[in-house]
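Structural overview
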Amino acid sequence: MTFSDLQMWLTFGVIALTIVGFSLERVAVETTALASLVLLTLVFVVAPGAFGLSSPLSFEDLLQGFANPALVAVLSLIVVGQGLFQTGALDAPSRHLARNTRLPPSAVFILLIVFAGALSAFLNNTPVVVMMIPVLMSLAREQRISPAKLLMAMNFATIIGGSTTLIGSSTNLLVAQVAHHEAGINLRLFDLTAPGLAIAAIAVPYILFVIPRFFGKRPQEAVKFASGKQFITEIVLPEGHPLVGMRSVSGLFPGLRDVTVRLVRRGTAIHLPPFEDLELQPGDLAVFSGIREDLARHGIIKPARGERSTETAGGGTHSVGEAIVAPGGRIIGRSPAETGIEQTSGISVVAVERRGRMSRQAFSDVRLEEGDVLLLSGKDAAFDRLRGSRDLLLLEKSFAPLPARRDTLRSILIFTGLIVLAATGLVPIAIAALGAALLMLVFGCLNIRQARRAFDSRIFMLIGASIALATALERTGGAQFLAEHLVAITEHGGPRLLLSALFALIAILTNVLSNNATAVLFTPIAVSAAAAIGAPALPFVMAVIFAANASFATPIGYQTNLLVMGPGNYRFVDFLLAGGPLTIISWLVFSLFAPWYYGI
């Protein structure tokens, strides 16, 4: 055995250990990825240097993954999505869709996921996933369900949809180019549609009705924004407020189903529920109750007066948080306005929760008691000034940023520009995403701290390490070794067995290597294998396309898997459990359909 052969087998071992480490999650994903890089460095840099041997990989080659355009694109798109979330850009359309359709929420979700898959047949699925993530996140919050139930299903639907036409995926086009060069095969736009629809016929029901059942509430979701406390607050509606012009129907306000209107005072007149044909007008004092997330989404929670005048000056993130009125505190018996909190610290008391007891009095008439929970609003720096107070006990885990509604239009325009550039191919998606992330920061849609929080170290290390593993597998001839031995083992079993085995091998490797690298590597091998047994090359080329697109079983299989990993709070093993069966479905359907369809 030569040293080059030894390096190939050691690469196989590192890949196996890395996948086991990712799956078991006994240690952090970042630690496993870093360990794989260290092992590759020992195999390809330290050992050859110690014995004076040549190596197909340098240390710089192993680190190239961290400068890969795919990594730049994924991380930039995550920042762009965070900007959309911070500005609440898609909350209004998602609420409109969720509330004004005659369909039940489950049907709305199904339609959105199917629409995303159909759109991916004609657009690159990466911008489609980027576009759908904030929409589904908003709808999930609206319906009080876990985003994990929707995001992976949507992502997989776009991958399936991208497999049904020649332009649906860059993988399809790459294989078509290589197949034309190797075998003179000219694939047309809809040559992939028949086998693609056959796979979709079985895969889509699995995606829609089985995958959501894998996921309950993700652990971090419970603390993302708020508890279920029902706060009471009031607001004097200014000109242009989104609630102005809203009219009551049958005693209630249909646009405020998740918030209770407890009282409306107009001049000296007081209106109590049920409200008969009442239209909210500028100057009305309205008292509301609801959980803090809903109060913020409707613009009822407002910044402190001292902060509103400087909110564009970059004075820090505007957040809301909860505090308990301490026993013996000086603010007991005072109304929220009389506490002096806003004057001394710049923090506004925007709502009160009192152990579930809600009266119909105005918020300004409430007298604080020991144990009351106050909902506070202000800049992070102002909260720092309040942390030394003995009158209030801040609940640190309750803090969350408020959406910057003033930047909604800016974030939508930036996002639209990104989608147009990426979909038309005018610039590479990595450049478009990087530029969009910069514009989100420049125009104040989110600040540096929010962007830094959106940065996911798991994705950074996963992509960097996986590209290093893929490079090692190619440079050592490991992928070629696997392909050649597969052909040798199955060539006497007929074209159907070889076709099925080729699909299975590519489907496994595409979840370890990048799908484009796997497709380009195996296309000439597939053409040669077909020629060796006297079979037509076309079905084998198709096997390469659909198997390379079957990148469902790991988050590193395809970049859109990584895009939904953070927002859905998925683990490595989630993709294996939910996406693994989908890979098997694709393999079985193609293995049965293709021989009949292509007559082999």
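Overview of the structure. Per chain, residues are indexed from 1 in the order of the written sequence. Given that the model is predicted, a residue must reach a pLDDT of at least 70 before its local features are reported, and side-chain atom pairs must reach 80 or more before they are shown or counted; all residues, however, enter totals for whole chains, interfaces and linings. Side-chain metrics in this entry use all non-hydrogen atoms of the structure; hydrogen atoms and water are not considered.

**Remarks on the overall build of the protein chain**
The helix and strand labels rest on DSSP assignments: H or I over at least four residues marks a helix, E over at least two residues marks a strand, and numbering proceeds from the N terminus. Assigned secondary structure in the protein chain consists of 24 helices and 8 strands. Relative accessible area decides the class of each residue, using a 1.4 Å probe on protein chains only: under 20% of the type maximum gives buried, over 50% gives exposed, and in between gives partly exposed. Residue burial in the protein chain is summarised as follows: out of 600 residues, 54% are buried. Contacts are assigned to residue pairs that have any heavy atoms within 4.5 Å of one another. A fraction of 78% describes how many contacts in the protein chain between residues 6 or more apart in sequence connect residues 24 or more apart. All accessibility values rest on the Shrake-Rupley procedure with a 1.4 Å probe; residue burial counts only the protein chains present in the view. Of the accessible surface of the protein chain, which amounts to about 25500 Å², a share of 64% is contributed by carbon and sulfur atoms.

**Observations regarding the side chain of Arg262**
Tracing the backbone through its elements, the reader meets Arg262 in strand 2 (residues 260-266). Positive charge is attributed to Lys and Arg, negative charge to Asp and Glu, and no charge count is given to His or to the chain ends. What counts as a salt bridge is simple: a side-chain nitrogen of Lys or Arg found within 4 Å of a carboxyl oxygen of Asp or Glu. For the buried Arg262, no salt bridge exists, and the shortest N-O distance to an oppositely charged side chain is 11 Å, to Glu234. Pairing of N or O atoms within 3.5 Å defines a polar contact, subject to two protein rules: one partner must be a possible hydrogen donor and the other a possible acceptor, and residues neighboring in sequence count only if both atoms are side-chain atoms. At 3.3 Å, the side chain of Arg262 and the side chain of Ser289 are in polar contact.

**As for the pattern of salt bridges**
Under the definition given, this model contains 8 salt bridges. Its salt-bridge partner being Asp61, residue Arg475 comes within 3.6 Å of it at the nearest N-O pair. Highlighted residues: Arg475 in helix 18 (residues 457-475) and Asp61 in helix 3 (residues 59-62), separated in sequence by 414 residues. As a salt-bridge pair, Arg247 and Glu279 come within 2.4 Å of each other at their nearest N and O atoms. Linking Arg247 in the loop between strand 1 (231-236) and strand 2 with Glu279 in the loop between strand 3 (269-271) and strand 4 (285-290), this pair joins segments that are 32 residues apart in sequence. One salt-bridge network, held together by shared partners, links Arg247, Asp277 and Glu279.

**Considering the pairing of strand 1**
On a regular strand, one side chain projects to one face of the sheet and the next to the other, so that they alternate. For strand 1, the buried fraction is high: 5 of the 6 residues fall into the buried class. Two strands pair if DSSP finds at least two bridges between them. The sheet contact formed by strand 1 and strand 4 spans 6 bridges and is antiparallel. By the bridge assignment for strand 4, Val236 is matched with Leu285.

**Points about the environment of His318**
Secondary-structure assignment places His318 in strand 5 (residues 318-325). Here His318 falls in the buried class, since its relative accessible area comes to 13%. Linking His318 and Ser377, residues 59 residues apart in sequence, is a C-alpha distance of 7.3 Å.

**Quick word on the pairing of strand 4**
The buried fraction of strand 4 is high, at 6 of 6 residues. Burial along strand 4 is two-sided: Leu285, Val287 and Ser289 and Ala286, Phe288 and Gly290, pointing in opposite directions, are all buried. With 5 bridges joining them, strand 2 and strand 4 adopt antiparallel strand pairing. Residue pairing for strand 4: Leu263 is matched across the bridge by Val287.

**A short note on the packing of helix 9 (residues 170-183) against helix 22 (residues 538-548)**
Between two packed helices, the angle of one axis relative to the other and the distance separating the axes together describe the packing. Across the interface, helix 9 lies against helix 22 with an axial gap of 10 Å and an inter-helix angle of 155 degrees. It follows that helix 9 is roughly antiparallel to helix 22 by the angle criterion. In this structure, helix 9 crosses over helix 22, and the sense of that crossing is right-handed. When helix 9 is examined against helix 22, the residues Thr171, Asn172, Val175 and Ala179 are found in contact with a partner set consisting of Val541, Val544, Ile545 and Ala548. Classes in brief: Ala, Val, Leu, Ile, Met, Phe, Trp, Tyr, Cys and Pro nonpolar; Asp, Glu, Lys and Arg charged; the others, Gly included, polar. Of the residues belonging to the contact of helix 9 with helix 22, the class tally is 6 nonpolar, 2 polar and no charged. To define axes, lines are fitted to C-alpha atoms, for helices over the stretch in contact only, and angles between the resulting N-to-C directions are given on a 0 to 180 degree scale. Here roughly perpendicular refers to angles of 65 to 115 degrees, roughly parallel to angles under 35, roughly antiparallel to angles over 145, and oblique to all remaining angles. A clockwise turn of the near helix away from the far one marks a right-handed crossing, whereas an anticlockwise turn of less than a right angle marks a left-handed crossing.

**Here we look at the packing of aromatic side chains**
Side-chain rings of Phe, Tyr and Trp, where Trp is taken by its six-membered ring, are said to pair if the distance between their centres is within 6.5 Å; with planes under 30 degrees apart they count as stacked, over 60 as edge-to-face, and otherwise as tilted. For the coordinates displayed, the defined rule picks out 16 aromatic pairs. Seen from their ring centres, Tyr570 and Phe575 are 5.8 Å apart, and the 70 degrees between their planes marks the pair as edge-to-face. The class for Tyr570 is buried, based on a relative accessible area of 0%. Given a relative accessible area of 0%, Phe575 falls into the buried group. Judged by centre distance (6.4 Å) and plane angle (50 degrees), the ring pair of Trp596 and Tyr597 falls under tilted. Judged by its relative accessible area of 63%, Trp596 falls in the exposed class.

**A look at the environment of Gly255**
By secondary structure assignment, the location of Gly255 is in the loop between strand 1 and strand 2. A residue is classified by how much of its surface remains accessible, and Gly255, at 25% relative accessible area, is partly exposed. Put simply, Gly255 and Leu243 are 12 residues apart on the chain and 8.7 Å apart in space, counted from C-alpha to C-alpha.

**Here's the deal with the packing of helix 2 (residues 29-51) against helix 18**
Relative to each other, helix 2 and helix 18 sit at 25 degrees, their axes nearing to 9 Å. As far as their axial angle goes, helix 18 and helix 2 are roughly parallel. For the crossing formed where helix 2 meets helix 18, the hand is left-handed. Where helix 2 approaches helix 18, its residues Val29, Glu30, Ala33, Leu34, Ser36, Leu37, Leu40 and Phe44 are matched on the opposing element by Ser457, Arg458, Met461, Leu462, Ala465, Ala468, Leu469 and Ala472. Counted by class, the contact of helix 2 with helix 18 contains 12 nonpolar, 2 polar and 2 charged residues.

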